Amino acid sequence: MKILIIEDELELATSIANYLNCEKYICEMAHNYADALDKIELYQYECIILDLNLPDGCGFDIIKSLKMNRSESGIIIISARNALNDKIEGLDLGADDYLSKPFSLSELNARLRSVIRRRHFKGQVEYAYNEIKVQPDVRKVFVNDILLELTRKEYDLLIFLITNQRRVLSKETIIEHLWGDYMGIEADSYNALYTHMGNLRKKLQDAGSKDYIETVYAVGYKLNLDK
Ligand code: CA
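Residues numbered from 1 in each chain as written. Predicted model: local features only at pLDDT ≥ 70, side-chain atom pairs only at ≥ 80, totals over all residues. Heavy atoms only, no water.

Peer 1: Teacher, can you tell me more about empty space enclosed by the protein here?
Peer 2: Over the atoms a probe the size of a water molecule is rolled, and this reveals where empty space is left. For the structure on display, the rule yields two cavities of 30 Å³ or more. One number sums up the size of the largest cavity: a volume of about 50 Å³. What lines the largest cavity is simply Ile-132, Leu-158, Arg-201, Leu-204, Gln-205, Lys-210, Asp-211, Tyr-212, Ile-213 and Leu-223. Looking at the lining of the largest cavity, the element that brings in the most residues is helix H8 (residues 187-206), giving three residues. Among the residues making up the lining of the largest cavity, the classes are represented as six nonpolar, one polar and three charged. There is about 40 Å³ of room inside the second largest cavity. Around the second largest cavity, the lining residues are Met-1, Glu-46, Asp-156, Ile-159, Phe-160, Thr-163 and His-177. Residue composition of the lining of the second largest cavity, grouped by class: three nonpolar, two polar and two charged. (1 Å grid on protein atoms, 1.4 Å probe; cavity = no way out; pocket = protein on both sides within 12 Å on 5 of 7 lines; lining within 4 Å. Points joined across faces, edges and corners; volume = space filled by probe spheres on them. Helix = DSSP H or I, 4+ residues; strand = E, 2+ residues; numbered from the N terminus. Nonpolar A, V, L, I, M, F, W, Y, C, P; charged D, E, K, R; others polar.)

What follows is the structure in structure tokens.
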């Protein structure tokens, strides 16, 4: 899952990114308002961690842009401003949560898990899709109560398909989601995607799941749980 950290304090941004990387998120950073706007226009993020005081702009305007563009990203504000009005304004603009600096990284991580649960899993720690059961907090997937041994990429791929079920996802969208902007779209990335997709399908079916992943010719893939 891809997270964007918008924070001009480099040390704090880096420590958040390192912590969340260890928690298996893909993190990108923007250190000013202009870069942040570029990124949110180009890419989709699962959640945006947003500092309000940026050298060239205000975080509230980023929330407004996200909402104007009907972004589905979660938003957690992190700010040294401890004023009640800022919290209320941020939440009213559409942020999901607010953390006052300084905060512990483990608390940020817990709030991130909670935002993801609410957005995709109706707030549940366990969510079932037919014979597939997902426990997002611990990144576990079961088929008919058998725990699947999924790699990090296979898990991310399955969750991306599940959270976008019935939509056709282009290969490029999936590649960008799985690798972030570290990997340009080139032949290697398609091959990596085909490999992960093949392995994921096989593991699901070996455990007794139906083959819900449909290949959409020349475009990408779609998860169809209505089979
Ligand atoms: Ca700041």
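Peer 1: I tried to follow the pairing of strand E6 (residues 74-79) on my own but got confused; where do I start?
Peer 2: On a regular strand, one side chain projects to one face of the sheet and the next to the other, so that they alternate. Burial analysis of E6 places six of its six residues in the buried class, which makes it a mostly covered element. Along E6, one buried face is formed by Gly-74, Ile-76 and Ile-78 and the opposite face, lined by Ile-75, Ile-77 and Ser-79, is buried too. Here five bridges tie strand E3 (residues 47-51) to E6, and the two strands are oriented parallel to one another. Looking at the pairing, Cys-47 lines up with Gly-74 of E6. The pairing of E6 with strand E7 (residues 97-100) spans four bridges and is parallel. When the bridges of E7 are listed, Ser-79 appears paired with Ser-100. Taking the sense of rotation as the criterion, the β-α-β connection linking E6, helix H4 (residues 84-93) and E7 turns out right-handed. (Buried < 20%, exposed > 50% of the residue type's maximum accessible area, 1.4 Å probe, protein only. Pairing = 2+ DSSP bridges. Right-handed = clockwise from strand over helix to strand, strands pointing away.)

Peer 1: What am I meant to see in the layout of surface pockets here?
Peer 2: Each pocket or cavity is described by its volume, and for the largest pocket that value is around 520 Å³. Secondary-structure elements contributing two or more residues to the lining of the largest pocket are helix H5 (105-120), strand E8 (127-129), helix H6 (152-163) and helix H7 (171-179). When the residues that make up the lining of the largest pocket are grouped by side-chain class, the tally is eight nonpolar, eight polar and six charged. Both of domain 1 (2-121) and domain 2 (127-223) provide at least three residues apiece to the lining of the largest pocket. One number sums up the size of the second largest pocket: a volume of about 240 Å³. At four residues, H5 tops the list of elements feeding residues into the lining of the second largest pocket. Looking at side-chain class alone, the lining of the second largest pocket contains six nonpolar, one polar and six charged residues. Each of domain 1 (2-121) and domain 2 (127-223) accounts for three or more of the residues forming the lining of the second largest pocket. (Domains from an automatic or database assignment.)

Peer 1: Got a minute to help me understand the coordination of the calcium ion in this structure?
Peer 2: Bound to the calcium ion are the protein donor atoms Asp-8 (OD), Asp-51 (OD) and Asn-53 (O), situated 2.2 to 2.4 Å from the metal. The sequence pattern formed by the donor residues of the calcium ion is D-x42-D-x1-N. One end of the pair, Asp-8, is in the loop between strand E1 (2-6) and helix H1 (10-22); the other, Asn-53, is in strand E4 (residues 53-54), with 45 residues separating them in the sequence. (Donors = N, O, S within 2.8 Å, 3.2 Å for Na, K, Ca; no water.)

Peer 1: Looking at this structure, how should I read unusual backbone geometry?
Peer 2: Of note, the amide linkage connecting Lys-101 to Pro-102 takes the cis form, showing an omega dihedral of -5°. Along the chain, Pro-102 turns up in the loop between E7 and H5. The phi dihedral of Arg-70 is positive, around 50°, even though this residue is not glycine. Inspection of the secondary structure puts Arg-70 in the loop between helix H3 (59-68) and E6. Its relative accessible area of 73% is what places Arg-70 among the exposed residues.

Read these as layout, nothing more, since geometry by itself doesn't imply function.
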